[in-house]
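Summary of the model geometry
Next come the chains, spelled out residue by residue.
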Amino acid sequence: MTELAGNGTKTGLPMLADLVSDGDVVVLSGAGLSTESGIPDYRGETGRRRRAEPMTYQAFTGSEAARRRYWARSHLGWRHIARARPNAGHRAVAELQRRGLLAGIITQNVDGLQQAAGARGVIELHGALDRVLCLSCGERSARERLDERLRAANPGWTARAETINPDGDAVLRDEAVEAFRIVGCERCGGALKPDVIFFGENVPPARVGDCYALTERAGALLVLGSSLTVLSGYRFVRHAARHGVPVAIVNRGATRGDPHALVTLDAPLGATLDALVAELPA
């Protein structure tokens, strides 16, 4: 049923459907889109129940002990990420793309679930956990290969995760971290880092430029599951507003971008996006 404001203007889902049906929509997705797949977030409903202390770029590059801590925790947490499957929200975004309504997809997530749902040409703003980068020679390799090597290097390591934090960070006891052995790049022996943007690290300028260009050409910017607390995603909302591009936001709870939005829905992502697809012509 169409929702109408007092002056007869559409609101909520019908208004969102009208925006999306015009096409050329750019999706900007955040961690809230993946929580229904069992992946926790930093600031949403699951994030508020946890005190996560993410690894910073400065700590990771400055200390072998910090790298051991990260890889021990991530070695267990990666299994949780690798088992996750796309949810209704991811599938709905892929369906909107299949229908030709999207001009592009920008994701702040590093879990690869949007692509697993069938989306193409996704700009991974913060990189992806399924790749590994050598800090010395720049070689990129598959996370599966690193997982094999870490298992071989730690045959008697039987640690269990107490909690899974965002981005596959598992909480471990100190003794389990200290017993963990890390490995270097197979090509040059250099230190390995997941191919993601850590806190305190800058997104490559060319990638940011691509996102700005996509945003300013959009018919609408649709933000899904992001509080927009950090500038990394919020800047594209501001950019859209400056260029007269309408902004729509679907998220659990208020966001930093709400004052710039034409329509906001505080609602579950999966069910809302399913309903959005159902509102649109097939």
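The coordinates are above.
In short, a report on the structure. Remember, it's a predicted structure, so these values are computed and weren't measured experimentally.

With respect to the overall build of the chain
Of the regular secondary structure elements, the chain holds ten helices and eleven strands. Its C-alpha atoms give the chain a radius of gyration of 20 Å, near enough to 19 Å, the size a compact globule of 282 residues would have. When burial is assessed residue by residue, the chain has 50% of its 282 residues classed as buried. Pairs at least 24 residues apart make up 69% of the contacts formed inside the chain by residues separated by at least 6 positions. Separation of charge centres in the chain, based on 35 positive and 32 negative side chains, amounts to 4 Å.

Description of the pairing of strand E11 (residues 263-266)
Across the two faces of E11 the burial differs, with Val263 and Leu265 buried and Thr264 and Asp266 not buried at all. Where strand E10 (residues 247-251) lies against E11, four bridges are found, and the strand directions are parallel. Counterpart to Ile249 in the pairing with E11 is Thr264.

Observations regarding the nonpolar core
Leu16, Val20, Leu96, Leu222, Leu224, Leu273 and Leu276 are the most contacted members of the largest nonpolar core, which has 29 residues in total. Of all elements in the fold, only helix H1 (12-21), strand E1 (25-29), helix H4 (88-98), strand E2 (102-107), strand E9 (220-224), E10, E11 and helix H10 (269-279) reach the threshold of two or more residues within this core. Here this core gets six residues from one element, more than from any other, and that element is H1. Listed in part, the 28 residues of the second largest apolar core include Tyr70, Cys134, Trp157 and Val196.

Scoring rules and cut-offs
Residues numbered from 1 in each chain as written. Predicted model: local features only at pLDDT ≥ 70, side-chain atom pairs only at ≥ 80, totals over all residues. Heavy atoms only, no water. Helix = DSSP H or I, 4+ residues; strand = E, 2+ residues; numbered from the N terminus. Rg over C-alpha atoms; globule rule 2.2 N^0.38 Å. Buried < 20%, exposed > 50% of the residue type's maximum accessible area, 1.4 Å probe, protein only. Contact = heavy atoms within 4.5 Å. Lys, Arg positive; Asp, Glu negative; His and termini not counted. Charge placed at Lys NZ, Arg CZ, Asp CG, Glu CD. Pairing = 2+ DSSP bridges. Core = buried A, V, L, I, M, F, W, Y, C linked by side-chain atoms within 4.5 Å.

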